[in-house]
Amino acid sequence: MAASTPHPEADTDSVQAGPISLGIDIGGTKIEGVAIDGDKRLLACHRIPTRKGNQAVHDDTVTLIHHLLDPVGLNRGPVTVGLGIPGRVDANHGIVDDAVNLGIRHMALGPAVAKTTGLPVRVENDVNIAALGAASQADNTLIAPGTTPHSEAARDQARRSASEPGRDGPRALPDQGDHVVAFINLGTGLAAGIIREGRIEHGASGAIGEIGHISVDAHQFPCKCGQCGCLETVASGAAVETLWPGIAHPLPDLIAQASKGNQHAKEVQDIIGHGIALAVQIVALAIDPAVIILGGGMSKTGQPLLDLVTEHLNKSAACSHFIASLRLPDRLRLAPADLPIAAIGAALAGRMDADSRPSELIGKEIAS
Ligand SMILES: [Zn+2]
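Looking up the protein chain in an unreviewed UniProt entry gives the name ROK family protein, with the organism given as Bifidobacterium polysaccharolyticum. Word for word, the UniProt comment on the protein chain under Sequence similarities (unreviewed entry) is "Belongs to the ROK (NagC/XylR) family."

(A) Representation of the coordination of the zinc ion within the structure. On the protein side, the zinc ion has His-213 (ND1), Cys-223 (SG), Cys-225 (SG) and Cys-230 (SG) as donor atoms, found 2.1 to 2.3 Å from it. For the zinc ion, the 4 donor atoms in the first shell make angles of 104 to 123° at the metal, so the coordination geometry reads as tetrahedral. Sequence positions of the residues that donate to the zinc ion give the spacing H-x9-C-x1-C-x4-C. Residue His-213 is found in the loop between strand S13 (199-200) and helix H5 (237-243), and its partner Cys-230 is found in the loop between S13 and H5; the two are separated by 17 residues along the sequence. By relative accessible area, which is 25% here, His-213 ends up partly exposed.

(B) Seen up close, unusual backbone geometry. With a phi close to 55°, Asp-98 is a non-glycine residue in the positive phi region. With respect to the helices, strands and loops of the structure, Asp-98 is situated in strand S6 (residues 95-99). Among the residues examined, Asp-98 registers a relative accessible area of 29% and is labelled partly exposed. Phi angles above zero are rare outside glycine, and Gln-220 is one such case at about 55°. Checked against the element boundaries, Gln-220 lands in the loop between S13 and H5.

(C) Layout of the nonpolar core. Ranked by internal contacts, the top residues of the largest apolar core, which has 42 residues, are Ile-272, Leu-294 and Val-309. In terms of residue count, the dominant contributor to this core is helix H7 (residues 263-287) (10 residues). In this structure, Val-309 is in contact with Ile-276, Ala-277, Val-280, Leu-294 and Leu-332, ignoring residues within four places of it in sequence.

What counts as what
Residues numbered from 1 in each chain as written. Predicted model: local features only at pLDDT ≥ 70, side-chain atom pairs only at ≥ 80, totals over all residues. Heavy atoms only, no water. UniProt positions renumbered as here; feature names shortened; annotations may be inferred. Donors = N, O, S within 2.8 Å, 3.2 Å for Na, K, Ca; no water. Tetrahedral: all angles 85-135°; square planar, octahedral: opposite > 155°, others 65-115°. Helix = DSSP H or I, 4+ residues; strand = E, 2+ residues; numbered from the N terminus. Buried < 20%, exposed > 50% of the residue type's maximum accessible area, 1.4 Å probe, protein only. Core = buried A, V, L, I, M, F, W, Y, C linked by side-chain atoms within 4.5 Å. Contact = heavy atoms within 4.5 Å.

The following block contains the structure:
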């Protein structure tokens, strides 16, 4: 077990308010957890290495829950738990299938953790919780005492932020209809999460946002899903590793080499930039979100990635008045690199509808 590592943003000096929400992001290499209070202040943060298999994932999740509750102290109110995990997730029943990197073929994760801890548990796909966490940041609604994602103050703040002038003039963000945020996860693979009015969209089968397997790229590289030309083959961490191999952090290196005039780097950078811009256009045209957040490991490249995608979006806009009118670059944001947004999103998901779940996902009292 790793030592307690309070996050720099953790608000450890204030008195906690309201119910405690624990959020745990179960990843392939680490399990990261946070505790936030009713005012959405970050109270504690822990991280432990991942062990594989159903039993290990259950045991480590429960251990992390107890570690997170320790520093929160005895004055806590009701506690909810949100878990994020890769694979196919049945959020209604807390069941995960095919979390390959975790060695899980099938697991009733939610019911198992609820039974052991006595706490209400919600399980969501990892991209969805990252989307929820990033969206809460885009709305400036986390760690802002007295503000909630659904409050009028938060909505007003989001609208004011959206209407601030961009580099190229006023932002063209919608001021009508639902408030929708899209999160494009540029991780090993490519997928999107959609947040509407502060809630995760799931679709009919849970496959919403699986844009990585839309087969539209002209290079027709083979994809692990069986198709050729999937967006994921040109717009993901795995794509960059394949097309620009042998470097620990290939995207920053690729962009740096291209800027120095390396012709091959320029060609590969064009493929990647075009692919991500295509992903942004697909999300924008299908969902029409007010904000599109680029997250996942590739987003840690920072401004150079944003500049690359913007360059390719502008290329499309240059030959299409329709695309230009959407002002897509103005909707783009980078996910914050200094916050555990997936764990934060898991905490926010965990507190939603905690009282209206199947009995196997509702705990009683935590064993103390
Ligand atoms: Zn595919």
